[in-house]
Each structure stands twice: as C-alpha cells, then as structure tokens.
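Listed here are the chains, written in short residue letters.
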Amino acid sequence: MQSSNRILTSSRRALSSCPRAVRSSLVKNNNNIHSKHSLGLVFQSAGHKLSGPTRFDYRQQCRSFSSSFQEPNPSLFNFAQNGDSIENTTSTSGDSSNSDHPLLRNDVRVMGNLLGQVVRDHEGKEIFDKVEALRVMAKEWRKAGAGRDGDKKADAEAAFAELASTVASLSDKELFTISRAFTHFLAMANAAEAHHRIRRIRQQQREALEAGTSSGALYPKSDSIGGVLPALLEQGHSAEEIWQALSTQTVDYVLTAHPTEVNRRTIINKNKRVQEILTMADNYRTTFATPYEQESLNRAMYAEMASIWLSDELNRAKPTPEVEAEKGTLVVETVLWDSVPQFLRKLDATAQEFLGKGLPAESAPVRFASWMGGDRDGNPNVKPHTTRIVCLKNRAKAASLFKRDLMRLESELSLTTCSEEMRSLVGDDAREPYRVYLRAMIEKMNLTQQWAEQELAKIYDKQNGTSNKPLEKAISTNDIYLSRQELMDQFQTIKRSLNETGNSFVADGILTDLMRNLSAFGLTLIPLDVRQESGKHEEAIDSITRYLGLGSYSQWDEQTKVNWLAQQISSRRPLIRPGAWRDHEEYFSPTAIDTLEIFQMIAEQHQDSLGAYVISQCTGASDVLAVLLLQLDAGVKKPLRIAPLFETLSDLEGATDSMRTLFSLPAYMGIIGGKQEVMIGYSDSAKDAGRLAASWAQYETQEKLAALAKEFSVDLSFFHGKGGTVGRGGNPQTFLAIMSHAPGTIKGKFRITEQGEMINQNFGFSDRAERTMDIYTAAVLAEKLTERPAPLDDYREMMKTLSDVSCAKYRQVVREDERFVPYFRSATPELELGSLNIGSRPAKRKATGGVESLRAIPWNFAWTQTRLNLPSWLGVGTAIRKILDSDKASVLREMYQNWGSFRTMIDMVEMVLVKSEPGIAKHYDDVLVKDEKAKELGSEVRQAHLETEQAVLDLTNHSELAENNKILLRKLTVRNPYVDCLNVLQAETLRRLRERGTEDKILKDALLISITGVANGMGNTG
C-alpha cells in the first residue's frame, strides 16, 4: 500500500508539470478510437505496400498508418478502447496460453501511447512522424521476407533501401532523438514482458488450485519445485530421500561486475516502477477499482514515461570499483533481503505439503557471493584498499539490516513466558525475557555497524592524509559480531525457548527469516571472492626467488616449480618479511608489489569477509600452489579455498592432469581438508574454440575431474563461469541447461556467476528473483535424483568428430584468415564499445594485442550488436553438414533425439540463428567496411550462417528455425522491426563518426543510445 501511495503521489506531482493537452487527454472520457497501430508493441500487420524507392512522405505515411499514439484516452483498463480482443490476435502459436496476450498487448500499447505523447510534446510532431515512418518501412521489409524469400526479394530490397536512405537523410540530432525513441520503446516492452511472465505463472497457479491439483506455495510447472516434488515422488523416490537432498543442497549465486549492463541504474529503477504500476493495475482489475483509482494509475504511468524520456540514460563516466560494487550489490538490500526468506517460506510450505516436513531454518538452499571489489583480473583499478573498503561497507550494511530486523523482532516478542535456558540468561527479574535478550543483541549489532564505519573512516583518513585524526571512541572487535555461528546460536536459543513454551508459530515468523538471511548472506552481506590471473602470481614469486638469490622462478620448468612450492608449503618457513618488497624495487616490480599486498590484505580480513580465491588463466598445478604459498607466507590463518579457472580449450584438456598432480601432493591435501572447488570458464573457451568444441570440452572435463576426485576421496564442487549470451555459456532455459550437465558432476552443489544485465533480469524485481531461485532449486534437485545415463561410446566418438571439425572451421576464420581482424574492427562497433562506461575494467587484459587479447564480453557484445552472433554458431553448421553427408548421419540424428545434453546445445544454436539477421549484418558491411577483401569475408561468413541454418533444420527436422518455441517467435515478430530500425540508425551513426574522425557529442550519444537499444531488443549484451 505504501508503494502504491508513493507511486500515485509522485505521479500527480509530475503530471502537474505536463502540458494541459496531455493531462486532459488522460482524464477525458473520449471513445473516439483511432488506428490499432502503435510505436509500441504492435501485433497487427501494417497492411501497406511501399510503391518503390521514391522520396518518403512522412505525413502521408503517418496518415496511412494512423498510430495508436494518437488515441485520446489510453488506459490500462479499457481493452476494447485499445482494440484488443482474443479474436483479433495474429499469433504464430495455436496454444491455449494465447488467451492472456490481450493483457500484454494492452500494457505495452498503453505505454507506447503515453511515451509517444511525450515524444510529440517534447520533440515535436515531425520527429514523432519520422519515428512512425521508419517503423512502417521496417515492417514492410519484414513482410517481404527480410531478403530470405526469393519471390519477394525485389520488394524486400526496395523496402530496405527506402529505410536506409531515409535514415541517411536525418540530421545528427534526429539520429540521436529517434534512436532514443526506439530504445525506450524496447525497454518498455521488456518491462511488460517480464511482468507478464509472472502474471502467466500466477494464472497457472490459480487454474491448478481451481482444478484441485495443488502445487504447494510454488508453481505447477515442470521447472518449479511445485512441479518437481510430485514428479520425483511419482518416479518412486521416497519423501525422506527427497527431503534429505533438498535440505542439504545449495545454489550459490556469485554477482560479478562484468560490464554487460548497458542500462543506467536510474533508468532501471524507473522501469521497476513501471512494473510496480503494472502489478497494481492487475490488482485493480480483480478488485474492481473505482474510475478515480484507474485514472490515477494511468496518470502514474504517464508520469513514469515522461520521467524516463526527460532523464539522461547514459553513464557519463566509468564507475570506480568501489562505486561499481556498491551499486552492484544494491540488489541485495533492495530486493533479495526480503525475497530470499519469502521464497524460502514458499519452498518450506511446498516441502511440507509434498514431503511431510519443512526445511531446517538454518539450511541454505540459496547463497550469494560477489566479485565486485575483489575481481582484479585485468583490472588495475582494483587495489588492495578497494577490497578492504568494499568488505567494510558490506559489513556495515549487513549490520544495519540485521539491526532493523532485530528491532522488529523485539517489538513482536513481548511474551512473558520463556524456557529455563532463556530465564537463566536474562535473569529472574526480566518481565519480558525475549526483549531483554534481544536488546543486548541489538546493541551489539549497532556496535558492529559503528565499528565497520570507524574502520572505513580510518581508510579514508589515511587516503586523505588525515590519519592522525582521533576517534571519538574506539570499538573493540571483542564487542561486535564477527562470527556467523555466534549469531546463529543466539537465534537458536530464542527458537528453542519459543518451541518449548508452545509458541512455535511465533518462531516461524521474523525469527526464521532472520536465520535464513544469516545462512544466505552471513554477517558480511555478500562475501567477496578474490580473482587474479596466474601470471601476476608468477611474477610475485619470481621477484621473491630472485631477491632470495634462488634464480628466476619464471625460468623453471613446471616440475621444478611444483617441487619447490610443495617444499615451501610443507616447511611453513617465512620467505620474506612483510613490506620488504617496498624497500627493494630492483627486485619487485609495481605489479609484484601490488600482488603481495593483496595477500597482506587477505590476512587482515575477518571471518567470512572473503570466499574463494579464483585463479584465471590457470594452466598447471604450480599456479594453484603459488597462491597457496603466497597466502601462507602472508600469514593467512585459514587460507581461502582456491578455485583454479580453466578457460581455454587447452587448459580444459589439461585440467585433469593438473588436478591429479595437486591431489598427489601430501602438502596440498593436508591443507584443503578433502574439499576442492574448480571453476569452468565458458566464455573464453568458446571464444578460443567456438561454441560446439568448447561445450564438449567443458562436458568431458567435468566428467574426468569428478572421476578423479572420487579416486582421491575429494569432495569436488564446480563453479560455472557463464555469461548471459549463448556465446558465453548462457542458456535462457535454465532448468534444461542444468539437467544437461554431465551426470554426477553437480551432486546438489551449484555455483554460478550472475553477470551484468543478468543480475537485473534475474534478481532486479521480487517476483523475478523468486522465480529464478525456484528454477535453480528445482533443477539442482531434479538433476541429483534423476537417473541419466552417460553418453554412449558412439556418441562420444561423434562428439569428438563434431568438436574437431567445428573448432578447425572456427579457428580458420577467426585466427588464420588475415582478413578477419580488419573485418571485425570495421563491421562491428567493437572499437567504440569502450565509450559505454558500463564497467570499471578495460576491454582488454593487455593494452596491446588483437582479438586474442580482447575479453569475451566485448567480443560477444560486438557481434550481438550487428545481429550476426558469430561466436555462437560459427563452425557448428560445417560439422553437422559433414556428418549428415556421411554414413554416420543416422547416429547424429539419433543423438539429437535421444541425448538431452546434445539436443539442448543444438536447440540453443537454433535459437541464436533465429535471433540473428544476416541482412542487417550485410548493411553494416555495405556502410562501414571499405576493404574489399574484408567485404568478401563478410559475404562468406553470411553464407556460412545460411548453411548453418540449413544444417540445423536438416538435423532437427524442423521446417522453420525454433518452430517449437512459439513464445520466442512471437516475441521476435514483434520486436524485429524496432531493432532493425536501431541497427540502421547505428550503422549510419558509426559511418558519420568514423568519416569525420572527430569527437562529436551528439553522434557519440546517438551511438551509445543505439547500442543500449539493440541490447534491450536482443535481450542480452555480452
């Protein structure tokens, strides 16, 4: 209720400053309906055919395509007025789920109408008409088959030529403004679709309840706990077996600062308010809201549209790592702190219904960690003090949140009866024993917050040269909470007392939520992993050995390194006095000094502040031993668990040998306590070898490492470093992706990175966060208890062939063809991506170097922008076609039908292909690529895309790409014209920027806006 009042109040203030004509159009009861077409989400075809490549008449076209942005009374509640009905839906699907599409269409149409009004009010009718005209041209190109229909090829070429020439005639300012319009419309579509997904799930839940087929508190879907629990019971698993697996499993989400979130935080927050309004509209529809309430909500939506348009959507400066971490973890305090216990309540209730008992309050089905402030791989801006600051800020924020909830609990627990144990702790005179007990806890938590803030002040004072400033009162670490277990024990004391005195219903309230948040977040809000590349550690060790007169460590062979490192680890003899490196710059480079001081910082951190130490570009056992030795030498009392990250194809292939060497060393095994974490790199392996070869290498590596761990009695867990795009290991069908992992490799423990834009997509809104946690929890449980045989030998042999052929084709183009780098640099906005200011780290690990030094994110990002998506499919079609044309074709077809892991991979490639648009990529080539040889390569790559489409269709026996994914096809049918316009606008903007060779603010802003828009339209960035 407070949220709705806030939204409506702020909207009235904003609306008061709007033009009178707009206000009257929103409140006036006018039934004069214009056309159904809109600049927002349009489902009906335009029905107009371009006459040819004559000069475009904006006004005439807009008269022919009267936009619903001209409707006088757009309303979230009046479907008939907006032309919606189930019957007039033109859909690519015939499934029954279409019946709720009018709600989605109406939502987006209304938002489009309102945003269109804002555009006309602030930019003028001429701009509005040009936006509409471009949209119509793009729709005509799509109607003519976008160059794929031979019978309509001439019509398609004429339509696209008209679109391109019209864009070329726009002024720089018009490029900027029109790009903004399309970008915001796509963002609105995203907000509406995200809201609609949850709306559909809730509808399914209501239908299940009405049908008497309850799914507990969660959803009746095959990828939800509400669907998985009854399915597992039907398979013959006992309730106790399922409960044991569920109560002991953990999904660990690691939030990273990978620069893929292109939308400014301000705009993201405004879009969240849009979704809140849509949720309120749904509630109003079911409660029969008054006309005044409906009108107020319509006004609130207009206010948000106006606020979004009048805001600057671009990040004007790169964030510092500290700011990046603070903003990145904001989702914890604003969404997850409440959403996690809310989800766990529903999980507990669903377990109660199907399994007969709920989850232990201290169990941790979900946990969170972060790389923000700890990831220094290729980012020289992350210093030791950066991690110190972020850790302290996180502790202060966690203490603040716990203190707030403890005060709520104290207010609630006014009970006067308690257990003997509690009475012994608070004394016989305590009238309200729980409040007495809790007040001491609140005071200690308050001191914990103050202590963290004092420590932060010391760091800032030292940086500012005011370190001698006296503190008001120094707080001792003896007086604060540093141990998660100490706080959990106190919670357990309260719970035992409540249960013993017959008040278990009270214990199941705020207290249980507190215990679950403590398990999920700890006292540090979100513990940080530290990540650094192996070469930095080698440089530090090399400096030490030269300083000690032992020669150059870097020159030793692998076995010599391993022997020496193991000897030093066993001896526990200090190698170097702390700080000695600063006195001997002749031995210690600035990089080596920074690396050694990172380990000093680690030694200073308190319990649970840090999680794992991830070694990127790990190539051998010595890389792991080096980090262990540096921790021990720095005085780290309990060394961080070390997670070697195997990234490239060769690293993955050598991972088993590397880990065997480590597991064979008594010095290493004596420290790790029988537990090992290994990180699998999905992004760089795909960039190195192509999607298919990388996928098979990842699958085999995890199989082999799991077998090795079993041989040495090591409890092995995998950390999956995936991005949002398919080219970086992402898969929007999360449940299927987890079920496609090699059998016996997950075992109830799943750790995964949530990067950039995926943080907001998966956790930015309460309902979305709950659904994400539900899917992962259901998948990890189903994977553990579902019998999945290992692939047949014939399948393994086939995968080896496919992998070799696809990798060879991929590398032939990307590595060996001298035309490739010039083509990539000119045909994509790769060189301009650094201007986006979406992350604190550089685009390259090294300042010099070509594509090989480029990070996987800008590599994928650039190809996504041009709609070619090359990293996700290149080489796949060549491999498939080779097998289909051989006597092994039947085995390949059998693999697709019978082996879920292979089918999931091919289906992902098919999804990428249907989202790609070679015709758009050709336009980039025509406009931007000057070198004729590079242009030839572009043509060859597009031909390869076509051949890959044909090979995938042949293998899947589909008549059209992704024909089984009706929702995706419907979504693309709607979005494509808008993204097409943005691509043409972007290509023209790039042409002008490059030809002029000077910094032009308007054009630069236009480019960045278009990049954001295409990313919004495609649903992902890097």
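In what follows, the accompanying structure is described. Not measured: the values here are computed from a predicted model.

Cut-offs used in this document
Residues numbered from 1 in each chain as written. Predicted model: local features only at pLDDT ≥ 70, side-chain atom pairs only at ≥ 80, totals over all residues. Heavy atoms only, no water. Salt bridge = Lys/Arg side-chain N within 4 Å of Asp/Glu carboxyl O. Helix = DSSP H or I, 4+ residues; strand = E, 2+ residues; numbered from the N terminus. Polar contact = N/O pair within 3.5 Å; in protein donor to acceptor, adjacent residues only side chain to side chain. Patch = residues over 30% accessible without salt bridge, like charges linked within 9 Å, V, L, I, M, F, W, Y side chains within 5 Å. Areas by Shrake-Rupley, 256 points an atom, 1.4 Å probe, with all protein chains shown as cover. Lys, Arg positive; Asp, Glu negative; His and termini not counted. Charge placed at Lys NZ, Arg CZ, Asp CG, Glu CD. Contact = heavy atoms within 4.5 Å. Buried < 20%, exposed > 50% of the residue type's maximum accessible area, 1.4 Å probe, protein only. Phe/Tyr/Trp six-rings, centres within 6.5 Å; stacked < 30°, edge-to-face > 60°. Expected span 1.5 Å × (residues − 1). Arc of directions from axis to C-beta. Core = buried A, V, L, I, M, F, W, Y, C linked by side-chain atoms within 4.5 Å.

What the rule picks out here adds up to 72 salt bridges. The salt bridge partner of R516 is D348, with a shortest N-O separation of 3.5 Å. Of the two residues, R516 sits in helix α19 (residues 510–521) while D348 sits in helix α13 (residues 330–355), which places them 168 residues apart along the sequence. A salt bridge links E533 to K536, with the nearest nitrogen and oxygen atoms 2.9 Å apart.

The next thing to look at is the environment of R825. Relative to the assigned elements, R825 resides in helix α32 (residues 820–827). Considering only alpha carbons, one finds R825 and L928, 103 residues apart in sequence, at a separation of 9.8 Å. Side-chain polar atoms of R825 contact the side chain of E830, separated by 2.6 Å.

Turning next to a negative patch on the surface. A contiguous patch of negative charge, built from D793, D794, E797 and E894, is present on the exposed surface. When residues in the negative patch are grouped by element, the largest group, three residues, is from helix α31 (residues 793–816). Turning to its location among the elements, E797 is positioned in helix α31.

Looking now at the environment of Q865. Structurally, Q865 is set in helix α33 (residues 856–865). Taking C-alpha positions, Q865 is 10.0 Å from G1017, a pair spaced 152 residues apart along the chain. Among residues more than four places away in sequence, those in contact with Q865 are P829, Y924, N983, Q986, S1010, I1011, V1014 and A1015. Side-chain polar atoms of Q865 contact the backbone oxygen of I1011, separated by 3.1 Å.

Mapping R691 onto the fold places it in helix α27 (residues 691–711). Although buried, R691 forms no salt bridge, and the nearest oppositely charged side chain, D907, lies 12 Å from it. Separated by 2.6 Å, the side chains of R691 and S695 make a polar contact.

Enumeration over the complete set of coordinates arrives at 30 aromatic pairs. For the pair W337 and F521, a centre-to-centre distance of 5.4 Å together with 25 degrees between the ring planes defines the contact as stacked. With W337 in helix α13 and F521 in helix α19, this residue pair connects regions lying 184 residues apart in the sequence. Members of the aromatic cluster, joined through ring pairs, are Y253, W337, F368, F402, F521, F750, F763 and Y776.

Glancing now at helix α6 (residues 153–168). Side chains that are three or four residues apart share a direction in an α-helix, a result of its 3.6 residues per turn. Relative to the 22 Å expected for 16 residues at 1.5 Å per residue, α6 spans 22 Å between its end C-alpha atoms, a close match to the ideal helical length. All of the buried residues along α6 are A156, A159, F160, E162, L163, T166 and V167. One side of α6 carries all its buried residues, which in axial view fall inside an arc of 150 degrees.

Counting residues in each nonpolar core, the largest one holds 151 residues, and the members touching the most others are I494, I602 and L781. Broken down by element, this core gets its largest block of residues, twelve residues, from α13. In this view, I494 contacts L413, M422, Y434, Y437, L438, M441 and L511; residues no more than four positions away in its chain are not counted.

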